[in-house]
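Residues per chain are reported as follows:
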Amino acid sequence: MRVFPGSPGTLTSLLLRIAQCVFAAGSIASMATTTSFFKSTAFCYLIASMGLQVVWSFGLALLDGIALVKKMPLYNPVLVSLFVVGDWVTAALSLAAASASAGIAVLYFNDMGSCKLGVECQKYQLSIALAFLGWVAISISSLIMLWLLAAC
């Protein structure tokens, strides 16, 4: 089996997983430090989705790190299938949550004229931007895993 950049057990995969985890954790931290995020279902969904992404990405980052240290390949077709399904589900949830939250932010800033919540609005925007960056990282991983599964 060919080794693609970003395949499980490679340095690129580890860096992608760490980026996913950091962006998702940053999104959670930014949103959770506001006092009124719980009033919007989309913001609550964003925190839940990013929490799932943190757990998934951190677990796979640990697996990639162990594989790098032990120099063992992670090319079992069943394992790659699990990675594909997990990455695609997590990517879909992350995109949906970020898009829904962005819709609420647009409502606050554009449709209502201005955000009356002050600094919290900037935290909402930061959280949403980090969520979209996390989605970009996990979508790259998703495509690599799908490509790898097709090559198995």
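The structure under discussion appears in the preceding block.
Residues numbered from 1 in each chain as written. Predicted model: local features only at pLDDT ≥ 70, side-chain atom pairs only at ≥ 80, totals over all residues. Heavy atoms only, no water.

Enquirer: Would you mind going over the environment of isoleucine 144 in detail, with residue names and values included?
Expert: Examined against the element boundaries, isoleucine 144 turns out to sit in helix H4 (residues 119–151). Along the chain, isoleucine 144 and serine 36 lie 108 residues apart, while their C-alpha atoms are 38 Å from each other. Among residues more than four places away in sequence, those in contact with isoleucine 144 are Pro5, Gly6, Ser7 and Leu16. (Helix = DSSP H or I, 4+ residues; strand = E, 2+ residues; numbered from the N terminus. Contact = heavy atoms within 4.5 Å.)

Enquirer: Give me the packing of helix H2 (residues 41–70) against helix H3 (residues 77–111): which residues, what numbers.
Expert: The interhelical angle for the contact between H2 and H3, taken along N-to-C directions, is 150 degrees, at an axis separation of 9 Å. The orientation of H2 with respect to H3, classified from their angle, is roughly antiparallel. For the pair H2 and H3, the crossing hand works out as left-handed. Grouping the amino acids of the contact of H2 with H3 by side-chain chemistry returns 18 nonpolar, 6 polar and 1 charged. (Axes fitted to C-alpha atoms, helices over the stretch in contact; angles between N-to-C directions. Parallel < 35°, antiparallel > 145°, perpendicular 65-115°, else oblique. Left-handed = near helix turned anticlockwise from the far one by under 90°. Nonpolar A, V, L, I, M, F, W, Y, C, P; charged D, E, K, R; others polar.)

Enquirer: Residues and numbers for unusual backbone geometry, please.
Expert: Here lysine 71, not a glycine, exhibits a phi torsion of approximately 55 degrees, which is positive. Tracing the backbone through its elements, the reader meets lysine 71 in the loop between H2 and H3.

Enquirer: Hey, could you go over the environment of leucine 68 for me, with residue numbers and the actual values?
Expert: Within the fold, leucine 68 resides in helix H2. You can call leucine 68 partly exposed: its relative accessible area is 28%. A sequence separation of 53 residues divides leucine 68 from cysteine 121, and the C-alpha atoms of the two residues are 41 Å apart. (Buried < 20%, exposed > 50% of the residue type's maximum accessible area, 1.4 Å probe, protein only.)

Enquirer: Would you mind going over H3 in detail, with residue names and values included?
Expert: For H3, which comprises 35 residues, the first-to-last C-alpha distance of 49 Å matches the rise-based estimate of 51 Å (1.5 Å per residue) to within 8%. Among the residues making up H3, those that are buried are Val80, Phe83, Val84, Gly86, Asp87, Thr90, Ala91, Ser94, Ala97, Ala98, Ser101 and Ala105. Packing partners of the buried residues in H3 comprise helix H1 (11–32), H2 and H4. Regarding H3, its N-cap is asparagine 76, as a side-chain oxygen of that residue lies 3.1 Å from the backbone nitrogen of valine 78 further along. (Expected span 1.5 Å × (residues − 1). Polar contact = N/O pair within 3.5 Å; in protein donor to acceptor, adjacent residues only side chain to side chain.)

Enquirer: Quick rundown of the nonpolar core? Include the residues and the values.
Expert: Ranked by size, the top nonpolar core spans 15 residues in total, and within it Met31, Phe37, Phe43 and Leu46 carry the most contacts. For this core, the secondary structure elements donating two or more residues are H1, H2, H3 and H4. Looking at which element gives the most residues to this core, the answer is H2, with 5 residues. What leucine 46 contacts, discounting residues up to four positions off in sequence, is Ser27, Met31, Ala97, Ala98, Ser101, Ser127, Ile128 and Ala131. (Core = buried A, V, L, I, M, F, W, Y, C linked by side-chain atoms within 4.5 Å.)

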